[in-house]
Amino acid sequence: GCEYKASWYSDRACVTPDPTPVQGCRVVDPDTRYLYDLTTLTLSRDYYQTTVTVGGFDVKIKANVCGVVDCGPDIAVCAQANGKTISLGKESTVTTELAPEKGEVQITYTGGDTSSHCLEGKSSKIIIMCCRAEQDMKILSVSEGDCLYTFTLCSQKVCQFSPKAVVSTQSTGLQIMFRLIF
């Protein structure tokens, strides 16, 4: 078969975002105007968790995307060890940032517990990377530095969106596919 390439400029080919205002766990790609709604990754009866070893102690980390965990009111991320719970960020402080060139969305929670070296309070950043095959969402890595805890997750729901449309001609039935190329 034959393939023809052409450029056709029209605002009608642009993705129209959801008309509701963007807030908290929703972010719009400024180039495609596609709305990423991260609340679809929220676990309502569970949370993402992992265990890390710090100073010879096992520390259980619990996190949720745009939701809370069972560590106290408004807590989105916490650490538990030896019967003690530390807040690493509050759900009500959520901010989101899109990094399409990296294929990821970043969620930041602030307002966690303070300590002698974290006077402003601990905070957490959850980086959700694009993965093509839908996998079980789980914490892939955890790192800590200067009162900021960084977690990495993977989901197909943050992969770059490429809108396309197929149009058929009435006279011949020929199908033409239009696709936005980044």
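Coordinates for the structure precede this section.
Residues numbered from 1 in each chain as written. Predicted model: local features only at pLDDT ≥ 70, side-chain atom pairs only at ≥ 80, totals over all residues. Heavy atoms only, no water.

In this section: the overall build of the chain. Within the chain, the regular secondary structure consists of 0 helices and 13 strands. Listing the helices and strands of the chain from first to last along the sequence gives β-β-β-β-β-β-β-β-β-β-β-β-β. The buried share among the 182 residues of the chain stands at 34%. Intrachain contacts of the chain at a sequence separation of at least 6 include 38% that bridge at least 24 residues. By element, 51% of the accessible surface of the chain is carried by carbon and sulfur atoms, the whole surface being about 11700 Å². (Helix = DSSP H or I, 4+ residues; strand = E, 2+ residues; numbered from the N terminus. Buried < 20%, exposed > 50% of the residue type's maximum accessible area, 1.4 Å probe, protein only. Contact = heavy atoms within 4.5 Å. Areas by Shrake-Rupley, 256 points an atom, 1.4 Å probe, with all protein chains shown as cover.)

The subject of this paragraph is the sheet that holds strand β7 (residues 95-99). Taken in spatial order, the 5 strands make up an open sheet running β7-β8-β9-β11-β10, and their pairing is mixed. Only two strands of the sheet have a single partner each, and these edge strands are β7 and β10 (141-145). Averaged over all pairs of adjacent strands, the angle between strand axes in this sheet comes to 20 degrees, irrespective of strand direction. Here β10 pairs with strand β11 (residues 148-155) via 5 bridges, running antiparallel. Its bridge partner being in β11, serine 141 is matched across the sheet by threonine 152. (Pairing = 2+ DSSP bridges. Axes fitted to C-alpha atoms, helices over the stretch in contact; angles between N-to-C directions.)

On to the sheet that holds strand β4 (residues 57-63). Strand order across the open sheet formed by 4 strands is β3-β4-β5-β6, with antiparallel pairing between neighbours. The outermost strands of the open sheet, each flanked by one partner alone, are β3 (48-54) and β6 (84-90). Averaged over all pairs of adjacent strands, the angle between their axes in this sheet comes to 20 degrees, without regard to strand direction. Pairing geometry for β4 and strand β5 (residues 75-81), over 4 bridges, is antiparallel. Across the sheet, alanine 63 pairs through a bridge with valine 77, a residue of β5.

What follows deals with the pattern of salt bridges. When charged atoms on two side chains of opposite charge get close, those side chains can pair. In the structure shown here, the tally under the stated rule is 1 salt bridge. The partner of aspartate 70 in a salt bridge is lysine 62, with the nearest N and O atoms 2.8 Å apart. With relative accessibility at 6%, the residue lysine 62 sits in the buried group. (Salt bridge = Lys/Arg side-chain N within 4 Å of Asp/Glu carboxyl O.)

For the rest of this paragraph, the subject is the pairing of β5. Across the 7 residues of β5, 5 count as buried, placing the element largely inside the fold. Of the pairings in the sheet, the one linking β5 to β6 comprises 6 bridges and is antiparallel in character. Bridge pairing links alanine 79 to isoleucine 86 in β6. Between the end of β5 and the start of β6, which pair antiparallel, lie 2 residues, with asparagine 82 showing a positive phi angle near 50 degrees.

From the geometry alone we can't say anything about function, so treat these as descriptive.
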